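# An overview of the molecular structure
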Amino acid sequence: MADKTFIRGQQFQVCATPQNADLTAVQFASLVYIDVCCLQETPEFSVEANVITENCISGEKIVGIGADDGTDFEVAYFYDSACSGQDLLRGFGSAKSSTAYAVRKVYNDGVSGVRTPTTVYARVMFSGFTDGGGGIDDVQSHTVSGSVLQGPLFVKPAPV
């Protein structure tokens, strides 16, 4: 029976170096990533393409796949003034720049000395930052939004 993979213990990490061209799995893996502390939940990455349909005068329908459509995502976390990963995300989200960055989610299914963890890579452009509100008993949160430009690139566990 396969091991179950749970969200608890997963990591979301960001690379501080701009990545404005598509990357291979090896190139993604070779980058240096910084942890984003105190996540509220891990972000969702997806890939979509436009479906193009046209109707001919003869009555037949032509259907095809058009351009990839970058999908939006959000990263929400509880504020931690000592977390450099959060500092990066706030800066990227506030910059309103067309610069892309590599990010990755690292699942908690790796076993030290036995196998690497499942890793999901993406290249993203950050587009916004929200300083969350709340009530008297709420923990201060922030949200950074963006769009996926490349990915998700899913790398399954491998023996060490």
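Above this text is the structure in question.
Residues numbered from 1 in each chain as written. Predicted model: local features only at pLDDT ≥ 70, side-chain atom pairs only at ≥ 80, totals over all residues. Heavy atoms only, no water.

Across all of its chains, the model carries two salt bridges by this definition. Where Asp22 meets Arg123, a salt bridge forms, and the shortest distance between an N and an O atom there is 2.8 Å. Of this pair, Asp22 sits in the loop between β1 (11-18) and α1 (25-30) while Arg123 sits in strand β8 (residues 119-131), placing them 101 residues apart in sequence. Asp87 serves as the salt-bridge partner of Arg90, at 2.4 Å between the closest nitrogen and oxygen. Of the two residues, Arg90 and Asp87 are both situated in helix α2 (residues 84-95); the distance of three residues between them amounts to about one turn of the helix. For Arg90, a relative accessible area of 15% gives the class buried. (Salt bridge = Lys/Arg side-chain N within 4 Å of Asp/Glu carboxyl O. Helix = DSSP H or I, 4+ residues; strand = E, 2+ residues; numbered from the N terminus. Buried < 20%, exposed > 50% of the residue type's maximum accessible area, 1.4 Å probe, protein only.)

Moving on: unusual backbone geometry. The residue after Gly151, namely Pro152, is reached through a cis peptide bond having omega 5°. If you trace the backbone, Pro152 turns up in strand β9 (residues 141-155). One non-glycine residue, Cys38, lies in positive phi territory at about 55°. Checked against the element boundaries, Cys38 lands in the loop between β2 (34-35) and β3 (39-41). On the accessibility criterion, Cys38 (41% relative accessible area) is partly exposed.

Moving on, we come to the state of the cysteines. By definition, a disulfide links two cysteine residues through a covalent bond between their sulfur atoms. One pass over the structure, following the stated rule, counts one disulfide. The disulfide partner of Cys37 is Cys83, and the gap between their sulfur atoms is 2.4 Å. Negative torsions about the S-S bond denote left-handed disulfides, and the value of about 90° found for Cys37 with Cys83 makes this one right-handed. Here Cys83 lies in the loop between β6 (72-78) and α2 and Cys37 lies in the loop between β2 and β3, a separation of 46 residues in the sequence. (Disulfide = S-S within 2.5 Å.)

In this section: a nonpolar patch on the surface. The grouping of Val51, Val63 and Ile65 at the surface amounts to a nonpolar patch, some 320 Å² of accessible area in total. Note on placement: Val51 falls in strand β4 (residues 48-55). On the basis of relative accessibility, which here comes to 56%, the residue Val51 falls in the exposed class. (Patch = residues over 30% accessible without salt bridge, like charges linked within 9 Å, V, L, I, M, F, W, Y side chains within 5 Å. Areas by Shrake-Rupley, 256 points an atom, 1.4 Å probe, with all protein chains shown as cover.)

Moving on, we come to the nonpolar core. Core analysis: the biggest nonpolar cluster contains 18 residues, and Val14, Phe45, Leu89, Val103, Val124 and Phe126 have the highest contact counts within it. Those elements that provide at least two residues to this core are β1, β6, α2, β7 (100-106), β8 and β9. The element that contributes the greatest number of residues to this core is β8, accounting for four residues. Those residues within four positions of Val124 in sequence are excluded, and the remaining contacts are Phe45, Phe73, Thr99, Ala100, Tyr101, Val103, Ser147, Val148 and Leu149. (Core = buried A, V, L, I, M, F, W, Y, C linked by side-chain atoms within 4.5 Å. Contact = heavy atoms within 4.5 Å.)

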